[in-house]
Structures are given as structure tokens and as C-alpha cells.
Amino acid sequence: MAGPQVEQLKVRAEEREHCTLLSLDGVLGHSTYAQLRDYMLKCAVEAPRALVVDLSNVTIATTSALSVFTTVWLRISDWPATPLLVATGSRHVELLRRTAIRRYVGVYGQVSEALANVERPAPRKRVARELPHAPSSPRAARLFVRETCAEWELADLLTNDAVQVASELVQNTVQHTFSEAVRLRLELRRGRLTVAVGDDSSIPVVLGDPGSPANFGRGLHVVAQLARTWGCVIDQAGGRKTVWAVL
């Protein structure tokens, strides 16, 4: 007697019109939910024009697995603010019409239709700097952020907040990871400034007890107070993470 069939899912990524197209082949179910979620988050962090998922060759084992698209949309809606669209193919049109994901995710019949409906992205400025894993890096981060904000002609209050957030995130990376380098990125779009710091640790950051004598996580309380929203994205495949804050 044969045992239960193991769900498998293959995901292929390619660039189409400055968007990342993910073509799925296999089964989308409870056992492949996390695989697809993590892969989508990894692609979204690279901030393509949009993330388009082609479902035409996939079998949907359970309707609840489609919530992966809502989950990912919630994680990326503030940063990196990458639009998420789904091409159902003829197999799943009626199924997706009955789900709630249409409230958050663009749902179209074909990939060509989805790509044609990707909105032109708002103008965005972006700069990045790689810093060494060294005690001097928080200071270097502060200087880099202040110079960039001056070049972008940002208000003093926003500049000061960004300088402090960058300093805290870089300091946290230097103190609590063994990453060889610290990746600092600044983005400005629609009046929102995002400070993102990446490292080579897959351990998520957490808010520590502000009353604790330990320093771990205390700087994140400063980030949480200053930011409109903040979060942490883990790249499960590459063992990396990015901590970001939107001001």
C-alpha cells in the first residue's frame, strides 16, 4: 500500500519587463506554503518593478494555501513596497475569484495581462554602502546617511531620525552578528525614507526588555519609536536577513 504523496513545488524566476516572474510547477499546499512564501520574500527584497506569480502549471491542493499571497503582501506592502500580482491561467480563474486575496493582490488570467497592468512605479532614489564589521561602522553609517539626506534636501527632523535609526541598526549588527560586512541601503519614495541594514545572519531581531541591563535589542526600541513601521526579512535560502525601518 502506497503512502501519502509528498507535495513538491518547483519555482523558476526570470526577469520580464523589469519585473520578477515566478513560474510554479507542482503542488501548492500546506507543505510547500513556507517554501513559496520565503522565495517570494527573497525576490521582493531585491525591489523589482513588481512580483508576478504564474499559477497556470501548479496544482492547488487546498484553498487555504492561497493565503500565502496575502501573507507576503502584508510583509512587503510597507517595504520594499513591491507590487504583487498573480496570473491564474485557465485552471484557477474561478477558484481565485472566490478568495479574499483579490482585495490585496492583483489577479489576472494570463502573465501578459498581469504585466500589462503593472503600474509605473513612483520615482525612487536609492543608494547603498557596504561597511566593514568593525566598531567604526556606526559612525561611518551616520556620516553616510547625513550626507545622503543633505544631497536629497530632506528636512532636519527626518535626517536626524534616519541618522539615529541607521546607527542603531548597524551597531546591532556589529555587536550581535559575525557578518563579514554590513549592507546599508537608503531609499526615498513617495515622501517616505527607508533605512535598511543587511547582514549574513539568519537569526531574526527581537525587541528586548527596555528595563533589562542587557544591551541586546534595546536599540530596536529607539528604532520602533522613530519609525512609521519596521520589520525584518529573513532570506532562508541564503542565510541572510534585512532589518528595515520606514520614516
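Here the structure is a predicted model, which is why all the values come from computation and not from measurement. (Residues numbered from 1 in each chain as written. Predicted model: local features only at pLDDT ≥ 70, side-chain atom pairs only at ≥ 80, totals over all residues. Heavy atoms only, no water.)

### Section: the nonpolar core
Core analysis: the biggest nonpolar cluster contains 35 residues, and Leu 36, Met 40, Phe 69 and Leu 96 have the highest contact counts within it. The leading source of residues in this core is helix H1 (residues 33-45), at 7 residues. Leaving out residues up to four positions away in the same chain, Phe 69 has contacts with Leu 28, Leu 36, Met 40, Val 53, Leu 55, Leu 84, Val 86, Ile 101 and Val 105. In this structure, Phe 144, Leu 220, Cys 232 and Ala 245 belong to the second largest nonpolar core, which totals 31 residues. (Core = buried A, V, L, I, M, F, W, Y, C linked by side-chain atoms within 4.5 Å. Buried < 20%, exposed > 50% of the residue type's maximum accessible area, 1.4 Å probe, protein only. Helix = DSSP H or I, 4+ residues; strand = E, 2+ residues; numbered from the N terminus. Contact = heavy atoms within 4.5 Å.)

### Overview of unusual backbone geometry
As a rule of thumb, non-glycine residues mostly have phi less than zero, and peptide bonds are mostly trans rather than cis. A cis amide bond, omega 5°, links Trp 79 with the succeeding residue Pro 80. The residue Pro 80 is located in the loop between helix H2 (67-76) and strand E5 (84-87) in this model. Phi angles above zero are rare outside glycine, and Glu 17 is one such case at about 50°. If you trace the backbone, Glu 17 turns up in the loop between strand E1 (9-16) and strand E2 (19-28). Judged by its relative accessible area of 51%, Glu 17 falls in the exposed class. At Arg 190, a residue that is not glycine, the phi angle is positive and equals roughly 55°. Here Arg 190 shows up in the loop between strand E8 (181-189) and strand E9 (192-199). In this structure Arg 190 comes out as exposed when scored by relative accessible area, which is 61%.

### Points about the pattern of salt bridges
This model, assessed by the stated rule, comprises 11 salt bridges. Salt-bridge contacts for Asp 78 lead to Arg 228; the nearest nitrogen and oxygen are separated by 2.9 Å. Taken together, the residues span a long stretch of sequence, with Asp 78 in the loop between H2 and E5 and Arg 228 in the loop between helix H7 (218-226) and strand E10 (229-235) at a distance of 150 residues. (Salt bridge = Lys/Arg side-chain N within 4 Å of Asp/Glu carboxyl O.)

### Concerning H2
Within H2, burial applies to Val 68, Phe 69, Thr 70, Val 72 and Ile 76. Those residues of H2 that are buried lie in contact with E2, H1, strand E3 (51-54) and E5.

### A short note on the packing of helix H5 (residues 137-151) against helix H6 (residues 156-176)
Packing of H5 against H6 leaves a shortest axis separation of 8 Å and a crossing angle of 155°. Viewed along their axes, H5 and H6 adopt a mutual orientation that is roughly antiparallel. When you trace H5 past H6, the crossing you get is right-handed. Judged by residue contacts, Ser 137, Pro 138, Ala 141, Arg 142, Val 145, Arg 146 and Cys 149 of H5 engage Thr 159, Asn 160, Ala 162, Val 163, Ala 166, Ser 167, Val 170, Gln 171 and Val 174 from H6. Grouping the amino acids of the contact of H5 with H6 by side-chain chemistry returns 9 nonpolar, 5 polar and 2 charged. (Axes fitted to C-alpha atoms, helices over the stretch in contact; angles between N-to-C directions. Parallel < 35°, antiparallel > 145°, perpendicular 65-115°, else oblique. Left-handed = near helix turned anticlockwise from the far one by under 90°. Nonpolar A, V, L, I, M, F, W, Y, C, P; charged D, E, K, R; others polar.)

### Topic: the packing of H1 against H2
Between H1 and H2, whose axes approach to 10 Å, the crossing angle comes to 30°. Put simply, H1 runs roughly parallel to H2. In this structure, the crossing between H1 and H2 has a hand that is right-handed. Only Ser 67, Val 68, Phe 69, Thr 71, Val 72, Arg 75 and Ile 76 of H2 make contact with H1, whose side of the interface consists of Tyr 33, Leu 36, Arg 37, Met 40, Leu 41 and Ala 44. For the contact of H1 with H2, the residue count by class is 9 nonpolar, 2 polar and 2 charged.

### So, the packing of aromatic side chains
Applying the stated criterion to the full structure yields 2 aromatic pairs. When the centroid spacing of 5.0 Å and the interplanar angle of 40° are considered together, the rings of Trp 73 and Tyr 104 count as tilted. One end of the pair, Trp 73, is in helix H2; the other, Tyr 104, is in the loop between helix H3 (93-97) and strand E6 (106-108), and 31 residues separate them in sequence. (Phe/Tyr/Trp six-rings, centres within 6.5 Å; stacked < 30°, edge-to-face > 60°.)

### A few points about the sheet that holds E10
Here we have 5 strands laid out as an open sheet, ordered E7-E8-E9-E11-E10, and antiparallel in their pairing. Looking at the sheet topology across the chains shown, the edges are occupied by strand E7 (124-132) and E10. Strand-to-strand twist across the sheet, computed as the mean angle between neighbouring axes with direction ignored, equals 15°. Sheet analysis places E10 next to strand E11 (residues 240-246), joined by 7 bridges and oriented antiparallel. Considered in E11, the bridge of Thr 229 is made with Val 246. (Pairing = 2+ DSSP bridges.)

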